[in-house]
Amino acid sequence: MSDTYTFDAKDLKEIEKIIDKYPEKQAAVLPVLWYAQDKFGHTDPSIQKLVARTMDIPEAHIHGVVTFYTQFYEKPKGKHVLDVCTCLSCQVCGGYDILHYLEEKLGIKAGETTSDGQFSLQSVECLGACGYAPMLQVTNDKYVNFLTREKVDQLVEDLKAGKKPAFESITMPQHKNDSE
Ligand code: FES
């Protein structure tokens with residue numbers, strides 16, 4: 001099972017380049033996990049094992065990092081992952097209403113994926129955009145702010161049509177190198 005996923009020679013070269021940027025290889029765990037998630041779409045236990053073996057770092061450490069950050073997907077997700085913030089500011093401004101509206105609209109509960117594999121829904125902690133509450137993040141990328149039911153409807157339609165949401169506020173400087 002641990003061999004289901006592998007890094008090819010090009011991947012190993014890229015991972016080496018990432019590790020070389022840091023004084024200690026442990027510091028490269030986050031970017032290497034991003035690399036793995038970009039390649040495989042998630043970081044499930046077999047991928048955690050692969051990363052641990054490739055970096056020669058204990059699997060428990062990799063697992064600890066993956067499970068600490070909701071941005072890492074411990075199991076395969078839908079094409080679009082909607083992270084609805086339900087932390088304090090968003091909660092006060094209707095974060096749960098938005099979450100429940102999306103649950104109803106998509107026919108799934110938070111933590112689930114639609115049967116067509118299009119959407120996964122998650123309830124997440126503060127994403128650092130409290131002044132724009134209630135908000136959500138789309139697949140570790142764009143933030144969509146000041147959510148209303150109408151805005152959610154539009155977002156879901158746009159995503160289904162292959163249209164990315166517009167930039168609305170800070171995006172966490174993660175792994176994406178979008179040309180936009
Ligand atoms: S409470 Fe939602 S972004 Fe901070």
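Residues numbered from 1 in each chain as written. Predicted model: local features only at pLDDT ≥ 70, side-chain atom pairs only at ≥ 80, totals over all residues. Heavy atoms only, no water.

### As for the overall build of the protein chain
Applied cut-off: In DSSP terms, a helix is any run of H or I states spanning at least four residues, a strand is any run of E spanning at least two, and both are numbered starting from the N terminus. Note that the radius of gyration is over C-alpha atoms, with the globule rule given as 2.2 Å times the number of residues to the power 0.38. Only protein chains enter the area calculation, which uses a 1.4 Å probe; residues under 20% of their type maximum are buried, those over 50% are exposed, and those in between are partly exposed. Contact definition: two residues touch when any of their heavy atoms are within 4.5 Å. Surface exposure here means Shrake-Rupley accessible area, sampled with a 1.4 Å probe, where a residue is shielded only by the protein chains that are shown. Lys and Arg are tallied as positive, Asp and Glu as negative. Neither His nor the chain termini are counted. Throughout, a charge is located at the NZ atom of Lys, the CZ atom of Arg, the CG atom of Asp or the CD atom of Glu.
For the protein chain, the count of helices and strands is seven helices and four strands. Each helix and strand of the protein chain, ordered N terminal to C terminal, gives the series α-α-α-α-β-α-α-β-β-β-α. Relative to the globule expectation of 16 Å for 180 residues, the C-alpha radius of gyration of the protein chain, 17 Å, shows essentially globular dimensions. The C-alpha extent of the protein chain, read off along each of the three principal axes, is 45 × 35 × 30 Å. For the protein chain, buried positions account for 43% of its 180 residues. For the protein chain, long-range pairs separated by at least 24 residues make up 63% of all intrachain contacts whose partners lie at least 6 apart in sequence. On the protein chain, roughly 9800 Å² of surface is accessible, and the fraction owed to carbon and sulfur atoms is 53%. With 20 positive and 27 negative side-chain charges, the protein chain shows a spacing of 3 Å between the two charge centroids.

### Brief notes about the UniProt feature "binding site: [2Fe-2S] cluster" (unreviewed entry) in the protein chain
Definition in use: UniProt positions are given in the numbering used here, feature names are shortened, and annotations may be inferred rather than shown by experiment.
Per the UniProt record, "binding site: [2Fe-2S] cluster" (unreviewed entry) is found at Cys85, Cys90, Cys126 and Cys130. In summary, the annotated positions, though distributed over 46 residues, converge in three dimensions, the widest C-alpha pair being only 9.2 Å. Residue position: Cys85 is located in strand 1 (residues 80-85). Apart from residues lying up to four places away in sequence, Cys85 is in contact with Cys90, Gly95, Val124, Glu125, Cys126, Leu127 and Met135. Within the secondary structure, Cys90 is located in helix 5 (residues 88-92). Apart from residues lying up to four places away in sequence, Cys90 is in contact with Cys85, Gly95, Ala133, Pro134 and Met135.

### Digging into the packing of aromatic side chains
Here is the rule we go by: Any two rings among Phe, Tyr and Trp, with Trp reduced to its six-membered ring, count as a pair given centres within 6.5 Å; such a pair is stacked if its planes are under 30 degrees apart, edge-to-face if over 60, and tilted if neither.
Taken as a whole and assessed by the stated rule, the structure comprises seven aromatic pairs. Arranged with centres 4.9 Å apart and planes meeting at 85°, the rings of Phe68 and Tyr69 form a pair that is edge-to-face. A relative accessible area of 63% places Phe68 in the exposed class. Between the aromatic rings of Tyr69 and Phe72, the centroid separation amounts to 6.2 Å while the plane-to-plane angle is 85°, which identifies the pairing as edge-to-face. Taking relative accessible area as the criterion, Phe72 reaches 4% and is therefore assigned buried. One aromatic cluster is present, formed by Tyr5, Phe7, Tyr35 and Phe40 through successive ring pairs.

### Some remarks on the environment of Gly117
Residue placement: Gly117 occurs in the loop between helix 6 (95-106) and strand 2 (119-124). Every residue in contact with Gly117, bar those within four places of it in the chain, is listed here: Gly78 and Lys79.

### Remarks on helix 6
Given 3.6 residues to a turn, an α-helix orients residues that are three or four positions apart in the same direction. Our working definition: To estimate how far a helix should reach, multiply one less than its number of residues by 1.5 Å.
Compared with the 16 Å implied by 1.5 Å per residue over 12 residues, the 16 Å span of helix 6 between its first and last C-alpha is a close match. Of the positions making up helix 6, those classed as buried are Gly95, Ile98, Leu99, Tyr101, Leu102, Glu103 and Leu106. Buried residues along helix 6 sit against strand 1, helix 5, strand 2, strand 3 (136-138) and helix 7 (149-160). The first or second residue beyond helix 6 is Gly107, which carries a positive phi of 75°.

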